[in-house]
Structure formats: structure tokens, C-alpha cells
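Letter by letter, the chains look like this.
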Amino acid sequence: MIESRKTSETDIRMELNLRGSGEYRFDTEIPFFEHMLSHIAKHGLIDLNLHLRGDIGIDCHHSVEDTAILLGQMIHKELGDKKGIFRYGHFTIPMDEVLTTVAVDLGGRFYFKYSGPPLDGKFGIYDAELTLEFLQKLALNAKMNLHVVVHYGENRHHIHESIFKGLGKALRQAIAIDEKSLGQIPSTKGMLE
């Protein structure tokens, strides 16, 4: 699936395959963001090709936010009626001194909650707080519940990396096909929004 998003602040072209092998290619001019996105792709076995140009002369906010919006919309669209998927996924990842849990529900309703140390400071031109903006906008546009808990940790890089790796692993579980419920919608309601 290939989609675009163009505003007065960003110009994005994204190619996504949720049933891929973890291949990725990025051209964003935001190295730390690319590093984080690579973890979603690699650990989620999601193929992701992203070309992004944004108003990074101001800051990276619009670029990160709009990428999350488009990625979330594409995830929701590619899953369709969600027949046969597990729907839920969670993963607890140790990253040296950091322990992080990420849990998702692809049930069609938005909720986002982060619990852990403040995400502040900078990684090159990337403001650390943008990770929360990315996660929130991703969850909103993918119409999913997303809960992230950093139980403990000190190294800022490890904390961020554990979040994105955990997200990839949790998504991989949630979008996987459940062989025991092929063709079935994973809800007693008989539908997922």
C-alpha cells in the first residue's frame, strides 16, 4: 500500500506492508527518528518505505506528527475488517538497564497512556518529547489502544529504543493471523470499527 500526505508543513510518501519481512528505507532528514522507525519495522516484520520533507528549520514536530498520522491511517486501512487477526499484542522488553512494556488493542477505539520517566532533552534535532506525540497520533489514527509503561531505566536512548522495539513486537502479535479463528472477527460484537 502506498499513500501520501501533503500539507503546507510536510510532504510525505509512505509505502507499507504489514505482512512483510522487516525491510525499511527512510529519507527524512531526521536521523534519530529514522533509527526509531527502523525498530518498528524490524521487530514488527513490517516493510516500511518513507520519504519525508518537513519544516525542520522550525523543529521536527510537524514531520513526526504527520508521519504518525499517515502511518496510523494506513495501518487501519490495511487491516480492513480485521478478520482472523489476534487483535491484541503486548511485549515486555529488557534493554540493558531499562524494562518497558507495550500493549496494543486494534479494536477500533482510541486510547493512549504513557507511564514512566519524563521524555525530555534532544537527540540531534529530534526533541525527545516527540516520541509521545508520535505514539498518541499513531494510536489515534490507527484507532487502537496503546499503553506504554517504562518500569524503570536511566539511559535516555535505551528508554526510547525499548519503546519503539516493544511497539514493533506488540504490533506483530496483534496483526498476526490466528489460525484457529480464520475469517472470524475477534469481537463478540461481530464487528470492529
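Keep in mind it's a predicted model, so treat the numbers as computed, not measured.

1. Points about the sheet that holds strand 5 (residues 88-95)
Working step 1: One open sheet accounts for four strands, arranged 5-6-10-7; its pairing is mixed. Every interior strand has two partners, whereas the edge strands, strand 5 and strand 7 (111-115), have only one. Strand-to-strand twist in this sheet, taken as the mean axis angle between neighbours without regard to direction, amounts to 10°.
Working step 2: Bridge analysis of strand 5 against strand 6 (residues 98-105) gives eight bridges, and the strand direction is antiparallel. Bridged to Ile93 within strand 6 is Thr100.
Working step 3: Most of the contacts of helix 3 (residues 130-142) go to strand 7, to which it runs at about 155°, and overall it touches strand 7 and strand 10 (145-152).
Working step 4: Here helix 4 (residues 156-175) sits on the sheet and contacts strand 5, strand 6, strand 7 and strand 10; the angle it forms with strand 5, its principal contact strand, is near 150°.

2. Section: the packing of helix 1 (residues 31-44) against helix 4
Working step 1: Where helix 1 meets helix 4, the closest approach of the two axes is 7 Å, and the angle between their N-to-C directions is 35°. The hand of the helix 1/helix 4 crossing is right-handed. Of the residues in helix 4, those in contact with Phe32, His35, Met36, His39, Ile40, His43 and Gly44 of helix 1 are His157, His160, Glu161, Phe164, Lys165, Leu167, Gly168, Lys169, Leu171 and Arg172.
Working step 2: Class assignment of the residues belonging to the contact of helix 1 with helix 4 gives a composition of six nonpolar, seven polar and four charged.

3. Observations concerning unusual backbone geometry
Working step 1: Phi is positive for Lys82, which is not a glycine, with a value near 70°.
Working step 2: Considering the arrangement of structural elements, one finds Lys82 in the loop between helix 2 (61-79) and strand 5.
Working step 3: Phi at Arg87 takes a positive value of approximately 80°, unusual for a residue other than glycine.
Working step 4: Within the element layout of this structure, Arg87 appears in the loop between helix 2 and strand 5.
Working step 5: When its relative accessible area of 7% is taken as the criterion, Arg87 is described as buried.

4. Considering the pairing of strand 1 (residues 2-6)
Regular strands place their side chains on alternate faces of the sheet.
Working step 1: As judged from the five bridges shared by strand 1 and strand 2 (residues 10-17), these two strands associate in the antiparallel manner. In the sheet register, Ser4 faces strand 2, and the bridge partner there is Arg13.
Working step 2: The hairpin turn running from strand 1 into strand 2, its antiparallel successor, is three residues long.

5. Some details on helix 4
What sets the pattern is the α-helix's 3.6 residues per turn: residues three or four places apart point alike.
Working step 1: Across its 20 residues, helix 4 extends 29 Å between first and last C-alpha, which sits within 8% of the 28 Å expected from 1.5 Å per residue.
Working step 2: Taken across its 20 residues, helix 4 has 15 buried, putting it largely inside the fold.

6. Some remarks on the nonpolar core
Working step 1: Counting residues in each nonpolar core, the largest one holds 54 residues, and the members touching the most others are Tyr126, Phe134, Met144, Leu146, Ile163 and Leu167.
Working step 2: Broken down by element, this core gets its largest block of residues, eight residues, from helix 4.
Working step 3: Setting aside chain neighbours within four positions, we find Leu146 in contact with Val102, Ala103, Val104, Tyr111, Phe112, Lys113, Leu135, Ala139 and Leu167.

7. Considering empty space enclosed by the protein
Working step 1: Per the counting criterion, the structure on display carries one cavity of 30 Å³ or more.
Working step 2: Looking at the largest cavity, the residues that line it are Pro118, Leu119, Asp120, Arg156, Ile159 and His160.
Working step 3: Per-class residue counts for the lining of the largest cavity are three nonpolar, one polar and two charged.

8. Re the side chain of Asp47
Working step 1: In this fold, Asp47 is placed in strand 4 (residues 47-54).
Working step 2: For the buried Asp47, no salt bridge exists, and the shortest N-O distance to an oppositely charged side chain is 9.1 Å, to Lys42.
Working step 3: Among the polar contacts made by the side chain of Asp47, one reaches the main-chain amide nitrogen of Ser21 at a distance of 2.9 Å.
Working step 4: Leave out the neighbours within four places in its chain, and Asp47 touches Glu15, Leu16, Asn17, Gly20, Ser21, Gly22 and Glu23.

Criteria and thresholds
Every chain's residues receive numbers from 1 upward, in the order its sequence appears when written. A pLDDT threshold of at least 70 governs which residues receive local features in this predicted model, and a stricter bar of 80 or more applies before side-chain atom pairs are shown or counted, although totals over entire chains, interfaces and linings include all residues. By convention in this description, side-chain values take in all heavy atoms of the structure and omit both hydrogens and water. Strands are treated as partners if at least two bridges between them are detected by DSSP. Secondary structure is summarised from DSSP: a helix means a run of H or I of at least four residues, a strand means a run of E of at least two, and numbering begins at the N terminus for each. Each axis is a line fitted through C-alpha atoms, and for a helix only the stretch in contact is used; angles between axes span 0 to 180 degrees, taken between their N-to-C directions. Between two residues, a contact is recorded if the distance between any of their heavy atoms is within 4.5 Å. Left-handed describes a crossing in which the near helix is turned anticlockwise from the far one by less than a right angle; the clockwise case is right-handed. Ten residues, namely Ala, Val, Leu, Ile, Met, Phe, Trp, Tyr, Cys and Pro, are considered nonpolar, four, namely Asp, Glu, Lys and Arg, are considered charged, and the remaining ones, Gly among them, are considered polar. Partly exposed residues are those whose accessible area sits between 20% and 50% of the maximum for their type, while under 20% is buried and over 50% is exposed, using a 1.4 Å probe and protein chains only. Here the expected span of a helix is defined as 1.5 Å times the quantity of residues minus one. For our purposes a nonpolar core is just a set of buried Ala, Val, Leu, Ile, Met, Phe, Trp, Tyr and Cys residues, chained together by side-chain atoms within 4.5 Å. A cavity here means a set of 1 Å grid points, computed over protein atoms only, where a 1.4 Å probe fits but cannot escape. A pocket is an open set with protein on both sides within 12 Å along at least 5 of 7 lines, and lining residues have an atom within 4 Å of a point. Grid points are joined across faces, edges and corners, and a volume is the space filled by probe spheres set on the points. The charged-residue count follows a simple rule in which Lys and Arg add positive charge and Asp and Glu add negative charge, with His and chain termini not counted at all. Salt-bridge detection follows one rule: a side-chain nitrogen of Lys or Arg within 4 Å of a carboxyl oxygen of Asp or Glu. Residues adjacent in sequence count toward polar contacts only when both atoms are side-chain atoms; beyond that, a polar contact is any pair of N or O atoms within 3.5 Å, and within protein one must be able to donate a hydrogen and the other to accept it.

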